[in-house]
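Here are the chains, one letter per residue:
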Amino acid sequence: MAARGGGAVPEAAMAAEGPRSLFALSAAAVSRSMGALERDVWALPGHLLRGLLPLLTIFHLERAEGAARRAGLSTQPIWRQLWDDVMKTRPPNSENITCWRKKFLETFFSNVLHGVLDVSSDWRLNDHHFSPLLHSSPHVSQLTLCNMLQGAVELAAEHNHKVLENLAGSLRILKFQHLLSSDQSIRRSLVLLLHRLIHHGSVSQVSMYSWPVPDTVLLVLILSMSAGFWRSGNALAYQCGLCREDRAPSQELVQERAESGRDAEREGSNGENQKGFPEAPVEADAHLNSVLSVPRSSPLQNQPCEEASSEGPCDHTSIQGEPSPRCGSGQLSCHPVLRKTRRRLKPAVGRKRCCLRRSRGPYADPEDLYDFVFTVAREGNSGLLDKTSSTEDENTENWTSSSPGSPCTGCAGCKKRGGPAGIFSLKAAHRFRSVSTLELFSIPLTGETCRTLSNLLSSWVSLENLVLSYNGLDANICCILSGLRALSRHPGCRLRVLRVSDVFSHMPCMELVRCILSAFPQLHTLSVSFDLKNQPEGNRPEGNASCSEVEIPESCLEQLEIRFPREPLHTTFLQPVLKASKSLQQLSLDSATLPCSQELGLLLEALKECTPNLKKLSFHDVNLAEHQKEVLLLLQDPVLQEITFSFCRLFESSTAEFLSEIINTVKRNSSLKSLKLPGNRLGNHRLVALADIFSEDSSSSLCQLDVSSNCIKPDGLLEFTEKLEGHIQQRGGQIQFTHLRLFQNWLDQDAETAQEALRRLKAVCSVVNDSWDSSQAFADYISVM
């Protein structure tokens, strides 16, 4: 019925448009019978296939890709039109989209998964021969899960196990946004999903956004599984089929399999549990409910039993950053295995156990999921273990003891709480593949969560990029640094990019930069950004050890970005960082104040002396109105290739001669490739003057010019265009200028003139602009004055 209804729609649509040719009618008939004619259709000549492709559903259109390519046809215009017809939105950065087929199917998958799109709303989306999720999943490289994690529950369902298998091979970026608290069944689905997509899949980046009141257990669960840690077994009443293939079955496992098989046979399952994700047994489900419930009131009851033996179902420490070995293609994803409850299982002979608690509840299990994600150490080590009991087995280590792998032992945030609390046990967990990029945006991190993250970071050797943005770290930044310091001692450490931004700074920016580089000199990119100062100068929090005297080892830093919370920029504090960063190629200084008129000159001398390889230098929101000499010195630097003066008030107190000096300096500099001057109130007359940079007597190699937010009007842009065209004609069409950025200028005041100027400019270079409403922007500006 669905097929007949869907097939009638294209014919009705053509009839509504008017009489069609015999070919169009035949093509419509063929599109309705693609199930039987598909192979013959792919063999059609190109001129016939071209007329048929727009009449196919998205499922057959996707399958036609190979035939279209062989016929010299592109399906990109069809997918682009599908986007406009179905999604009805303009995707961000649409000019950078290279494959509209992937873009459409990826968005289609997400919308269907979250119930945003009804496939019956358009005949091209509806074909009973195809599953929307299954067919589009191979094209999904980025997926966002939000709210109550309904998408995770759907993907972990038994009927979508093939979809999950496809995602395990295609998905690279997994995002969580606007999460809410979840119950036990949702967490069970999430664990299954993360284990398959991260530990046995291809996800390399996990990002979390906008979680104002995070569920601590859920947050730590996502973090720990992203880091490759997981306890299989009784915690979720199933074992992963891929993990079971990675090891030889032990005697205990063979016995468990035999018992499970007998139970399943008695229950008439016939082994169906090996083909999907059936519900766990009643006893196991009750156990799961108990361990996934809210935190227990007494942390002393949460200390787990640990096995001194390193044996376990799956240990992948040697391949942390690589996909874990998989079984044959016929093996499905992680699936439950019916297991006996703990009371009926006998421990393996020869295993020693060290119990940190005397008594256990009816469901207290050494593989308790809650214990795994949220075990909290006590204040001080003395209360954790009785000294007598701790010496009974000298070979069993105390999981709360300070060791090279236990990062946070002396930072101010931890001292306030009496010791290295909040570090959950990782020794009993198994190590799997982990992600290489972790991003946390607008998620408040408590002290306990920071220490858990620090503990994870201390051995997260596969991590390459770490972004912590607006997490309210405050003094807990010291705890994060402790984890990074421990990580830096691992020979296989790959972390190269660290970005930290927040509202308040716990310490001066330069002090934090020194702390980070002294703890982790292997970084290639470091970005530190704060909006406001947390403490008045001279009123530091007690217990915060100053890093101002810490010696910085030679670093690998190539890119340094610092956003000061209106702090003074002292070259004496920056210079040690520059001296240790001989490989520095990019430096960005944002929102700094210059304490004296000589400070910028001292900075330029330090840059010249310490950073011979510096290629890009950026100033943003730094008042340079009184530093015209230094600005000219920078513009004539023979090494710099890109210079940015963004909202720096360059012409606030300057004369006309200063603009002429800038133009002449740039004309003589053949090494400068990019000049960015947004937000400096150039206006029409200064923009027109800048066209002389490309005059016939110029030796400039300038390729990119950014004049965004400069009060430029359409008539001024047109005059600039005419002058630029004249210079190009004088030079015989030889010019290296390729990119012009015009964001947020007053081009809407005369749309006709603006369009004429843009049309002529685009014949010369690539122009990037926007449809900015200058009147509304001015009204917004007035409203907040």
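What you are looking at is a predicted structure, and each value in this text was computed from that prediction instead of being measured.

Rules and cut-offs
- Residues numbered from 1 in each chain as written.
- Predicted model: local features only at pLDDT ≥ 70, side-chain atom pairs only at ≥ 80, totals over all residues.
- Heavy atoms only, no water.
- Helix = DSSP H or I, 4+ residues; strand = E, 2+ residues; numbered from the N terminus.
- Buried < 20%, exposed > 50% of the residue type's maximum accessible area, 1.4 Å probe, protein only.
- Contact = heavy atoms within 4.5 Å.
- Areas by Shrake-Rupley, 256 points an atom, 1.4 Å probe, with all protein chains shown as cover.
- Pairing = 2+ DSSP bridges.
- Right-handed = clockwise from strand over helix to strand, strands pointing away.
- Patch = residues over 30% accessible without salt bridge, like charges linked within 9 Å, V, L, I, M, F, W, Y side chains within 5 Å.
- Salt bridge = Lys/Arg side-chain N within 4 Å of Asp/Glu carboxyl O.
- Lys, Arg positive; Asp, Glu negative; His and termini not counted.
- Charge placed at Lys NZ, Arg CZ, Asp CG, Glu CD.
- Phe/Tyr/Trp six-rings, centres within 6.5 Å; stacked < 30°, edge-to-face > 60°.
- Axes fitted to C-alpha atoms, helices over the stretch in contact; angles between N-to-C directions.
- Parallel < 35°, antiparallel > 145°, perpendicular 65-115°, else oblique.
- Nonpolar A, V, L, I, M, F, W, Y, C, P; charged D, E, K, R; others polar.
- Core = buried A, V, L, I, M, F, W, Y, C linked by side-chain atoms within 4.5 Å.
- pLDDT = per-residue confidence, 0-100.

Undergrad: Honestly, the overall build of the protein chain in this entry has me stumped. Any pointers?
TA: Across its full length, the protein chain holds 30 helices and 19 strands. When burial is assessed residue by residue, the protein chain has 52% of its 785 residues classed as buried. When contacts within the protein chain are restricted to residue pairs at least 6 apart in sequence, long-range pairs at least 24 apart make up 84% of them. Accessible surface, the protein chain as shown: approximately 35,600 Å² in total, 50% of it carbon and sulfur.

Undergrad: Mind showing me how you'd approach the pairing of strand β15 (residues 642–646) here?
TA: For a regular strand, side-chain orientation follows a simple rule: the groups alternate between the two sheet faces. By the criterion of burial, β15 is predominantly enclosed, with 5 of the 5 residues buried. Strand direction decides the pairing type here: strand β14 (residues 616–620) and β15, joined by 5 bridges, are parallel. For F619, the partnering residue across the bridge sits in β15 and is F645. In the classification by handedness, the crossover that spans β15, the intervening helix α26 (residues 656–668) and the parallel strand β16 (residues 674–676) is right-handed.

Undergrad: Explain unusual backbone geometry to me, please; I cannot follow it from the model alone.
TA: Peptide bonds are, in most cases, trans, and in most cases residues other than glycine have a negative phi. Positive phi values are uncommon outside glycine, yet F647 reaches one of about 55°. Looking at the element boundaries, F647 is found in the loop between β15 and α26. In this model, C711 sits at a positive phi of 60°, which is unusual for a non-glycine residue. Within the fold, C711 resides in the loop between β17 (704–706) and α28 (714–730). Exposure remark for C711: the relative accessible area of 19% places this residue in the buried category.

Undergrad: Would you take a moment to explain a negative patch on the surface for this structure?
TA: A cluster of like negative charges, contributed by D715, E719, D750 and E752, occupies part of the molecular surface. By the secondary structure assignment, E719 is in helix α28. Residue classification places E719 among the partly exposed residues on the basis of a relative accessible area of 44%.

Undergrad: How should the pattern of salt bridges be read in this particular structure?
TA: Once the charged atoms of two side chains with opposite charge are near each other, the side chains can pair. Inspection of every chain in the model, using the stated rule, returns 22 salt bridges. In this structure, R69 and E65 form a salt bridge, with 3.9 Å as the shortest nitrogen-oxygen distance. Highlighted residues: R69 and E65, both in helix α6 (residues 65–70), separated by 4 residues, approximately one helical turn. Residue R69 is classed as exposed on the basis of its relative accessible area, which comes to 53%. Of the charged contacts, one joins R563 and D590 as a salt bridge, the two residues approaching to 3.8 Å between their closest N and O atoms. Residue R563 is located in strand β12 (residues 559–563), and its partner D590 is located in strand β13 (residues 586–590); the two are separated by 27 residues in the primary sequence. For R563, a relative accessible area of 27% gives the class partly exposed.

Undergrad: For this particular structure, what's the right way to read the packing of aromatic side chains?
TA: Given two aromatic rings, one states the distance between the centres and the angle between the planes to describe the pair. A complete count under the given rule lists 9 aromatic pairs for this structure. Judged by centre distance (6.0 Å) and plane angle (65°), the ring pair of W83 and W100 falls under edge-to-face. Taken as a pair, W83 in helix α7 (residues 76–87) and W100 in helix α8 (residues 100–113) lie far apart in primary sequence, 17 residues in all. Exposure remark for W83: the relative accessible area of 3% places this residue in the buried category. By relative accessible area, W100 is classed as buried at 10%. Relative to F645, the ring of F619 lies with its centre 6.2 Å away and its plane at 10°, an arrangement referred to as stacked. Of this pair, F619 sits in strand β14 while F645 sits in strand β15, placing them 26 residues apart in sequence. You can call F645 buried: its relative accessible area is 0%. Feature note: the residues W79, F104 and F108 constitute an aromatic cluster, connected by ring pairs.

Undergrad: Please explain the packing of helix α11 (residues 161–170) against helix α12 (residues 184–199) as it appears in this structure.
TA: Angle between the axes and distance between the axes: these two values describe a pair of packed helices. Across the interface, α11 lies against α12 with an axial gap of 8 Å and an inter-helix angle of 40°. In terms of axis orientation, α11 runs oblique to α12. Of α12, the residues touching α11 (which contributes L164, E165, L167 and A168) are L193, R196 and L197. The class makeup of the residues in the contact of α11 with α12 is 5 nonpolar, no polar and 2 charged.

Undergrad: I keep staring at the pairing of strand β11 (residues 525–533) and nothing clicks. Help me out?
TA: With 8 bridges joining them, strand β10 (residues 497–505) and β11 adopt parallel strand pairing. Its bridge partner being in β11, L498 is matched across the sheet by L526. Here β11 runs beside β12; their pairing, made up of 5 bridges, is parallel. Bridged to T525 within β12 is Q559.

Undergrad: Can you walk me through helix α27 (residues 683–690) in this structure?
TA: Because each turn of an α-helix spans 3.6 residues, side chains separated by three or four positions in sequence point in the same direction. For α27, the buried fraction is high: 6 of the 8 residues fall into the buried class. Burial in α27 covers these residues: G683, R686, L687, V688, A689 and L690. Packing partners of the buried residues in α27 comprise α26 and α28.

Undergrad: How should the nonpolar core be read in this particular structure?
TA: Across soluble globular proteins, nonpolar side chains show a tendency to be buried alongside one another. Of all hydrophobic cores here, the largest spans 176 residues; its most connected members are F104, F176, F619 and F645. Those residues in contact with F619, other than ones at most four positions away along the chain, are L589, L600, L603, L624, L634, T644, F645, S646 and C648.

Undergrad: Can you help me understand the confidence of the model for the protein chain in this one?
TA: Low-confidence regions, as indicated by low pLDDT, have predicted coordinates that should not be scrutinised in detail. The pLDDT averaged across the protein chain works out to 77; a share of 69% of its residues lies at or above 70. Segment residues 1–8 is flagged for pLDDT under 50; beyond a separation of four residues in sequence, or across chains, it makes 5 contacts in the model. For the stretch residues 536–545, pLDDT sits under 50, and the model shows 14 contacts to residues farther than four places along the chain or on other chains.

Undergrad: It is not clear to me how the environment of L687 should be interpreted in this structure. Could you clarify?
TA: When you line up the elements, L687 lands in helix α27. Its relative accessible area of 0% is what places L687 among the buried residues. Linking L687 and V707, residues 20 residues apart in sequence, is a C-alpha distance of 8.0 Å. Filtering out sequence-adjacent residues up to four positions away, L687 remains in contact with V707, I712, G716, L717 and F720.

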